[in-house]
Amino acid sequence: MSTDKAGILNRLAQRVLKLILILLMTLTLTPLSGKTGRALSMSTISFTMFQELPGIEFGDLGDIDGDDDLDLLFAYEHPLTDSPEIWTNLGNGWFDHEKVFDYKYINDLAFGDLDNDGDLDAYLTRGGGGDNCNYVMENVGSGDLSFLEHSDCEQSSRIALGDLDNDSDLDAFVLNGGGYPSRVWFNDGSGHFTPHKTLPAYLGEDVALGDLNGDHYLDAFVVTQNIHAPENSVWINSGYPDFNFTKHPDNLFGSSLSNGVELGDLDNDGDLDAFVSNYKCQANEIWMNDGSGLFSLHQGIGSSTTHNAALGDLDGDSDLDAIVANRNDTLCPDGTSGDPKDKIWLNNGTGTFSDSGQYLSPVKSHDVLLGDLDGDGDLDAVVLWLGTEGSQVWLNETPQNQSPTADAGGPYSGYEGLLIEVDGANASDPDGGPLSYLWTVDHPELCSFTDAATLDPGLTCADNGSYTITLTVDDGVNTPVSSEATVDVGNVPPLVESITIPINPIELGAPVSVSAGFNDPAGVYDEPYTCSVDFGDGRGGFPGSVDGAVCAYTGYEYLAAGVYQVQVTVTDKDGALGSLSAEAFIVIYDPDGGFVTGGGWILSPLGAYLDDPEITGKANFGFVSRYKPGASEPIGQTEFHFRVADLYFKSDSYQWLVVSGPRAMFKGTGTINGSGSYGFLISVIDEKLTPSTAVDLFRIKIWDLENDDTVIYDNQTGCESDGESADPCTGIGGGSIAIHKVKN
């Protein structure tokens, strides 16, 4: 076997063995180095050291090989020991060495899609020896980078990538040293850069880009060690068409020894704030942005030599926390080295940080990179160490706050205009924390909740249909979760509430007008409405006119005298209808239609006398009712005596008389036992004028006008129909009833 083949097989066997060991380590959470994994834990946060790497000064995380995990590109600025290297992530946070590039004097590097082809390229800044030229490296696939061009040869230090001219590609903001001016470089979209704007020399030690004044252009926050530049500064992008950067004149950061800056919305107010890392035991500083790019000092934390920091949600509470990379190789002014440990600082949500009491590494840290290295949804860390101690990968094992559950219940059903109770009581938080709720509906113009922020509100929809409601549950930490339910809302028929008819009797041939008010909970959403009026004379319904919520018919003419009950029907756009029959009757009289007389007795049935329904016995009656020529009210006299009940009724006036074929009805008022005010109604059938009965039929109804029309007597009680227009059902025991025709 050749030496080359043997070498290949040997490397393959080593790779297989490493994968097996990684699997075992993943199960046991024991570092491969053989050192004891130092688990840092408290009630809110826990990290475990997972892998040791070479000493690194500069690095960046990104998916360089397109396998959906974060890989590592790093370098160490010493010209003789290290060149840039790519280490690929095996998916569980373990990095495998892939490639070394033969470039020296690397000062900084950054990942970004520089040629807009969908993968990550790299921009490397160089200085301190050789040609001092920065390198643009193109991703050629499979995690490999190839030199594309030189971008700047002016002893560059720090690099920040961002779309500075809003043309959808990444440009470069480069800080230079050695007396060279800093520069803004514009990308033509293919990874080729041209200089755009010259900035002062020795501008600072680090730069971060972000829209600091809310104008949708990226600005720059630059920090300095106060060696060449007097203080930290904010540079505002003028935007189109010049894209010039000018120093914000109103920011007063004061004298400080700053090494790094990170931008993020620290107080959750929608703008970018700044976390500034300071040197020689100065407190790190949190600067709050007022939204216009003007910053004010909010808090100072720690006392160490911090080289840089990283911001991210480390404890799963949806705000930005911080890990600071501290160094212990520079003494403080008091002769101490300050806190050498890489502290974790937790944000309370308002931008105020507190010491978590946890740390990742004890010595010479230069930077911290954050990203989800093991694909479990939380942020892990790569701590970059100077010197030979080696860098470390730390996996975040903080118990993550679990998402709440939402359950909108349902499906629900109800009717338009009526309250429908919905219930989201099954919503819960596995962590037992407080929750907020919000109900929404897909047609808010038709439906509304009584209180959309409660679990069990009422829902009212103005029109029938099928609706979708959504319950969104928020625990204030995780992304809110939602659940949907359907609500089927049925149509409610219109409700005819009242009918207005003529109070007084109408002479035959005179026009009659009727109106009815109706209500529909859907209101205008059930328009158009139609209506019909049945005048009770057997001719069926006649279309009425609808104006708003009123149905009306004007000018109806009856063909015969009689007592008629009107019914109004209203129909909505969906075909649902509601009807109402008038309680009162329309009386159509014919002055020339005849008159009626009668006298005799009936056997008063059980229940007729309402004060004592058990009383029965003989009751005598006598009456005459007729119209005088040209009169609109009849004249006559009526008496009714029910001796066993001591009831003696006598009329004192008539209101109307209707004669129609064998049937006659008349109505009036009178007294009982000589006092009071009572209404009465008599209806009779003359057996001589109809084959439907062999005996005259008589009915009298008496009610108290001074006591809410309380019925005193009605011998129709117990008959098939007891409506006022019903035919009488009590046969007379003696006497006669006669309907007389008027002789011409």
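Here the structure is shown first, and the text comes after it.
On a predicted model such as this, the values are computed, not experimentally measured, just so you know.

What follows deals with the overall build of the chain. Counting its regular elements, the chain contains 1 helix and 57 strands. With 744 residues in all, the chain has 50% of them scored as buried. Taking as baseline every contact in the chain between residues at least 6 positions apart, the subset at least 24 positions apart corresponds to 51%. Surface accessibility of the chain: about 32000 Å² in total, with carbon and sulfur atoms responsible for 51%.

The subject of this paragraph is the pattern of salt bridges. For the structure on display, the rule yields 10 salt bridges. Notably, a salt bridge pairs Lys99 with Asp144, separated by 2.5 Å at the nearest N-O pair. Separated by 45 residues along the polypeptide, Lys99 in strand S6 (residues 95-100) and Asp144 in strand S10 (residues 144-150) bring together distant segments of the chain. Among the salt bridges present, the one from Arg663 reaches Asp727, with a minimum N-O distance of 2.7 Å.

As a further point, take the packing of aromatic side chains. Inspection of every chain in the model, using the stated rule, returns 35 aromatic pairs. Judged by centre distance (5.8 Å) and plane angle (65 degrees), the rings of Phe642 and Tyr713 are edge-to-face. Of this pair, Phe642 sits in strand S50 (residues 635-642) while Tyr713 sits in strand S55 (residues 710-714), and the two are 71 residues apart along the sequence. Accessibility expressed as a relative area gives 0% for Phe642, which makes it buried.

Formed by 42 residues in total, the largest nonpolar core has its most connected members in Val596, Phe640, Phe642, Leu647, Phe698, Ile702 and Tyr713. At 7 residues, the largest contribution of residues to this core is made by strand S51 (residues 647-660). For Phe640, the residues in contact, after removing those within four places along its chain, are Ala619, Asn620, Phe621, Leu647, Tyr648, Phe649, Phe698, Ile700, Ile702 and Tyr713. Membership of the second largest hydrophobic core comes to 23 residues, among which are Ile499, Cys531, Val533 and Phe535.

Now for the state of the cysteines. When the sulfur atoms of two cysteines share a covalent bond, that bond is a disulfide. What the rule picks out here adds up to 3 disulfides. There is a disulfide in this structure between Cys531 and Cys551, and the S-S distance comes to 2.1 Å. A torsion of 80 degrees about the S-S bond marks the disulfide between Cys531 and Cys551 as right-handed. On the criterion of sequence distance, the pair formed by Cys531 in strand S40 (residues 530-534) and Cys551 in strand S43 (residues 550-556) is long-range, its members being 20 residues apart. For the pair shown, Cys531 and Cys551 are each scored as buried. The disulfide partner of Cys719 is Cys729, and the gap between their sulfur atoms is 1.6 Å. Of this pair, Cys719 sits in the loop between S55 and strand S56 (730-731) while Cys729 sits in the loop between S55 and S56, placing them 10 residues apart in sequence. Using a relative accessible area of 36% as the deciding quantity, one classes Cys729 as partly exposed.

Moving on, we get to the sheet that holds strand S12 (residues 171-176). One open sheet holds the 4 strands; their spatial order is S11-S12-S13-S14, and the pairing between them is antiparallel. Sheet topology places strand S11 (156-162) and strand S14 (193-201) at the edges, where each strand pairs with a single neighbour. Pairs of neighbouring strands in the sheet enclose a mean axial angle of 20 degrees, with direction left out of account. Of the pairings in the sheet, the one linking strand S13 (residues 181-187) to S14 comprises 6 bridges and is antiparallel in character.

Conventions adopted
- Residues numbered from 1 in each chain as written.
- Predicted model: local features only at pLDDT ≥ 70, side-chain atom pairs only at ≥ 80, totals over all residues.
- Heavy atoms only, no water.
- Helix = DSSP H or I, 4+ residues; strand = E, 2+ residues; numbered from the N terminus.
- Buried < 20%, exposed > 50% of the residue type's maximum accessible area, 1.4 Å probe, protein only.
- Contact = heavy atoms within 4.5 Å.
- Areas by Shrake-Rupley, 256 points an atom, 1.4 Å probe, with all protein chains shown as cover.
- Salt bridge = Lys/Arg side-chain N within 4 Å of Asp/Glu carboxyl O.
- Phe/Tyr/Trp six-rings, centres within 6.5 Å; stacked < 30°, edge-to-face > 60°.
- Core = buried A, V, L, I, M, F, W, Y, C linked by side-chain atoms within 4.5 Å.
- Disulfide = S-S within 2.5 Å.
- Pairing = 2+ DSSP bridges.
- Axes fitted to C-alpha atoms, helices over the stretch in contact; angles between N-to-C directions.

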